[in-house]
Amino acid sequence: MTEEQSKSEIEFVKKGLWFNLKKILDDIFSVKDEIDKPGTTIGIKKDVVFRGFNIWILILSILICSIGLNLNSTAVIIGAMLISPLMGPITGIGFSIGTFDRDLLLKAIKNMAIAISISVLVAFIFFSFAPIGLDHSELDARTKPGFLDLLVALFGGFAGILAGSRSIKSNVIPGVAIATALMPPLCTVGYGLAVHDLSYVLGASYLFFINSVFISLSALVVVRYLRFPTASYVNENTKRKGRAFIVIFVTLVAVPSVFIYLKAIKEARFKSKANDFISTCINDENHQAINPHIFYNDTMKHIKLFVYGNNYSDQEKDSLKKLLNSNYISYATLEIFSMGTYESYKVLANEKDDLLGKKEHLTNQLQADLSQKNLELEKLKQRYDSIFEIEKGFGKTVAEAKLLFKQLDTMQMAIKPLNNEFSEIEPFILIKWKRGMVNGAKQDIKDWLKLRYGYYKNVRIEELK
């Protein structure tokens, strides 16, 4: 009996601990208390529509993003993503599916199609006429979507819909726009069409597609978790079919990205092992490989080396190939081309170092000269501001002089620099009298002006005839 009581007490304590732990976790992680369901529904429905203001913001963001991709400027691309309104219809699709709102779904899909068409068209026009930059790394980055891009879209979508559904708005949405990067892929599609390169079109289209699908999926999950009211009644059988369709569709979208990601990992490992082989087995006291060409795809693993130093015999080349395949990379081919003696390489390397040293010296010298010029320019600006203040205050001096000396007609001032740095100046004052001005009064006004501007070494006062 005592043992049974002990077990009951233990169970009671366990339940109490679990209840308290669950209550603590709910207090920490619960988001339901802060949700504004009516406001969120109104906001999403409003952001879905693309017309007027939204269309022009979209066009401008596309142009900014295209310029950023052309210049290979990450900062400009980020700026374009911040002002892009593309998140609206994508979130609207997930929201409408989660609330079984057929009308909103059709409206979101329609506006999404409008936004995509305008984006690609504007980017195509831009890249058809703009000169293409030499560095394509920002464009190339949008052509090989992988599994990690999928996760970014999913988690970014969760952050976006959670932030958007709060009654108190925050700065999360701009961050989501940057992280999920919806605008650059569409601009890259336009670039691919402009240069007739299908690889850019397909790769960037797929990246935009998986981003859109998984942002919509995250919106759908959050909407169902937070139990937003549905727009229409749907029976359980239809719900099961809908869930099955979503699972199958999402799986089909995600699978290619997994394969692309695995291929990227294999390529990165291949290049790492190839570089290890070059640094360990090729570069030594008598040999130096420059600009290695490392090729990798599904059908070929190839390393082409241009080596300065002693010529390799055919037997040595065969040994290096066997070493590559046995210890580093299986089924890889190796080509070695001799470029001359190692001494000639050292001469070239030294010349390169000398040129880099001279370049650095010139750069430092130019920076020092620029700093000096900026300092001189700042001094001149200060002198100019000082002269400007003097001339500005001269109007008050004229007004006072006319009150004191009734026969004064006009008075003008000019500033004459006494050196090139404007560090010393001379006020030059021209006076015109009315008729009947006596010499004594003339001398009084001159004395008054010299007293007023007496902190200058020279004050020239002349009469206008």
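Here, every reference points to the structure presented above.
Note that the structure is predicted; figures quoted are calculated from it, not measured.

**Student:** Explanation requested: unusual backbone geometry in the structure shown.
**Tutor:** Trans is the common state for peptide bonds, and a negative phi is the common state for residues other than glycine. For N72, which is not glycine, the phi dihedral falls at a positive 60 degrees. Considering the arrangement of structural elements, one finds N72 in the loop between α3 (53–71) and α4 (74–83). A positive phi angle, near 55 degrees, is found at F100, a position not held by glycine. The residue F100 is located in the loop between α5 (87–98) and α6 (102–129) in this model.

**Student:** Hey, could you run me through the nonpolar core in this one?
**Tutor:** As a rule of thumb, soluble globular proteins bury nonpolar side chains together. Residues L58, I62, L86, M183 and F214 are the most contacted members of the largest nonpolar core, which totals 44 residues. Residue contributions to this core peak at 9 residues, all from helix α11 (residues 198–225). Apart from residues lying up to four places away in sequence, L58 is in contact with F50, P85, L86, A115, I118, S119 and M183.

**Student:** Would you mind going over the packing of α6 against helix α10 (residues 183–194) with me for this structure?
**Tutor:** In a packed pair of helices, the relevant descriptors are the angle between the two axes and the axis-to-axis distance. Interaxial distance between α6 and α10 falls to 7 Å at its minimum, and their mutual angle equals 50 degrees. Relative to α10, the element α6 is oriented oblique. In the packing of α6 onto α10, the handedness of the crossing is right-handed. The segment α6 lies against α10, with I116, S119, V120, A123, F124, F127 and S128 engaging L186, C187, V189, G190, Y191, L193 and A194. Of the residues assigned to the contact of α6 with α10, the class counts are 11 nonpolar, 3 polar and no charged.

Here is what the cut-offs are and how they apply
- Residues numbered from 1 in each chain as written.
- Predicted model: local features only at pLDDT ≥ 70, side-chain atom pairs only at ≥ 80, totals over all residues.
- Heavy atoms only, no water.
- Helix = DSSP H or I, 4+ residues; strand = E, 2+ residues; numbered from the N terminus.
- Core = buried A, V, L, I, M, F, W, Y, C linked by side-chain atoms within 4.5 Å.
- Buried < 20%, exposed > 50% of the residue type's maximum accessible area, 1.4 Å probe, protein only.
- Contact = heavy atoms within 4.5 Å.
- Axes fitted to C-alpha atoms, helices over the stretch in contact; angles between N-to-C directions.
- Parallel < 35°, antiparallel > 145°, perpendicular 65-115°, else oblique.
- Left-handed = near helix turned anticlockwise from the far one by under 90°.
- Nonpolar A, V, L, I, M, F, W, Y, C, P; charged D, E, K, R; others polar.

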